[in-house]
Amino acid sequence: MTGNRPTADKTDDRPTADVSDDRPSTSVAGARLTAQGLTLAYEDRVVVEDLDVEIPDGKVTVIVGPNACGKSTLLRALGRLLKPRKGAVLLDGADLARIPTRRIAQVVGLLPQTPVAPEGITVADLVARGRMPHQKWWQQWSETDEAHVAEAMERTSIIDLAERQVDELSGGQRQRVWIAMALAQDTDLLLLDEPTTYLDIAHQVEVLDLIRQLNHARGRTVVAVLHDLNQAARYADHLIAMRAGKIVAQGPPADTVTAELVKEVFGLAAVVVPDPVTGDPLVVPGLPRPVERRGGT
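Cut-offs and rules
- Residues numbered from 1 in each chain as written.
- Predicted model: local features only at pLDDT ≥ 70, side-chain atom pairs only at ≥ 80, totals over all residues.
- Heavy atoms only, no water.
- Buried < 20%, exposed > 50% of the residue type's maximum accessible area, 1.4 Å probe, protein only.
- Helix = DSSP H or I, 4+ residues; strand = E, 2+ residues; numbered from the N terminus.
- Patch = residues over 30% accessible without salt bridge, like charges linked within 9 Å, V, L, I, M, F, W, Y side chains within 5 Å.
- Areas by Shrake-Rupley, 256 points an atom, 1.4 Å probe, with all protein chains shown as cover.
- Salt bridge = Lys/Arg side-chain N within 4 Å of Asp/Glu carboxyl O.
- Lys, Arg positive; Asp, Glu negative; His and termini not counted.
- Charge placed at Lys NZ, Arg CZ, Asp CG, Glu CD.
- Pairing = 2+ DSSP bridges.
- Contact = heavy atoms within 4.5 Å.
- Axes fitted to C-alpha atoms, helices over the stretch in contact; angles between N-to-C directions.

Can you lay out helix 1 (residues 71-78) for me, pointing to particular residues and giving the numbers?
One turn of an α-helix holds 3.6 residues; hence residues three or four places apart share an orientation. Taking burial as the measure, the eight residues of helix 1 include seven buried ones, the bulk of the element. The set of residues buried in helix 1 consists of Lys-71, Ser-72, Thr-73, Leu-74, Leu-75, Ala-77 and Leu-78.

Printed below as a string of structure tokens:
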């Protein structure tokens, strides 16, 4: 790969003054990332209210729910992109608002729903920016950085795009580039907001398989927002179902995904059967409504 590598971020690493309430820590074993009494809002519109959640460590957690239920908002708060109106997000028992930004970026990687690339940046240089949190002023680029970038690009099948500008790529190609940048960051926790957006079915499966491999091979904790309930049931260890800013159910998909849950959360009549390939729950919608013909017989 060619091109200038990004220089170390010189932003101040001191704790910010952005602090939630002073509730005592209630972190539990097996959950490095938790939230207590979380209320999230955009101006006057409350999206999530008084929510408690624990993300199992070393597992793949998938958040599902209908549009505008608060799942992406919750993910943004877990990655400190959104300040809680009330409550706190805790990382290893410490209030996320009190942890230096660089330290968070070394532990938590986040791929938001609609990231924007700097104009004219190449694929290789954008992926390389994932290494910024690990760089020091006296060592801005290393062989370790190069190895992480190369591996991330290989895993997402974008090596042949390395010197192309990101704004020239298709939506699916750009999505794989952003995922590669998140992988290059090499964090213990990875938060992904709709990572399969813009991808065709083959690349959706490829990305979800990759997430699974990262979890199995490296014990990485992954939290993803997905719209496809069947994909969630297949790839998740832990499923969180949300509706209207509340958690309706959570647990292993085999115990969570039922016809009753699908009706309650999505308002959809369906049957749930074993997936013929994996045995995981498979949601089959009920018969479509009959179409009324206009005129004639």
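Which residues make up a negative patch on the surface, and what values do they have?
A contiguous patch of negative charge on the surface is contributed by Glu-49, Asp-50, Asp-52 and Glu-54. With respect to the element layout, Glu-49 can be found in strand 2 (residues 45-55). With a relative accessible area of 46%, Glu-49 lands in the partly exposed category.

With reference to specific residues and values, describe a nonpolar patch on the surface.
There is a patch of nonpolar side chains on the surface, built from Val-271, Val-273 and Val-284 and spanning about 200 Å² of accessible area. On the secondary structure map, Val-273 appears in strand 11 (residues 270-274). By relative accessible area, Val-273 is classed as partly exposed at 33%.

Give a description of the sheet that holds strand 1 (residues 33-42) that names residues and reports values.
The strands making up a sheet associate through backbone hydrogen bonding, with each pair oriented either parallel or antiparallel. Strands sit in the order 2-1-4-5 across an open sheet of four strands; the sheet is antiparallel. The open sheet is flanked by strand 2 and strand 5 (94-95), the only strands paired with a single partner. As paired elements, strand 1 and strand 4 (residues 86-91) share five bridges and run antiparallel to each other. Its bridge partner lying in strand 4, Ala-35 is registered against Val-89. Running at roughly 120 degrees to strand 1, helix 1 makes contact with strand 1, strand 2 and strand 4 of the sheet.

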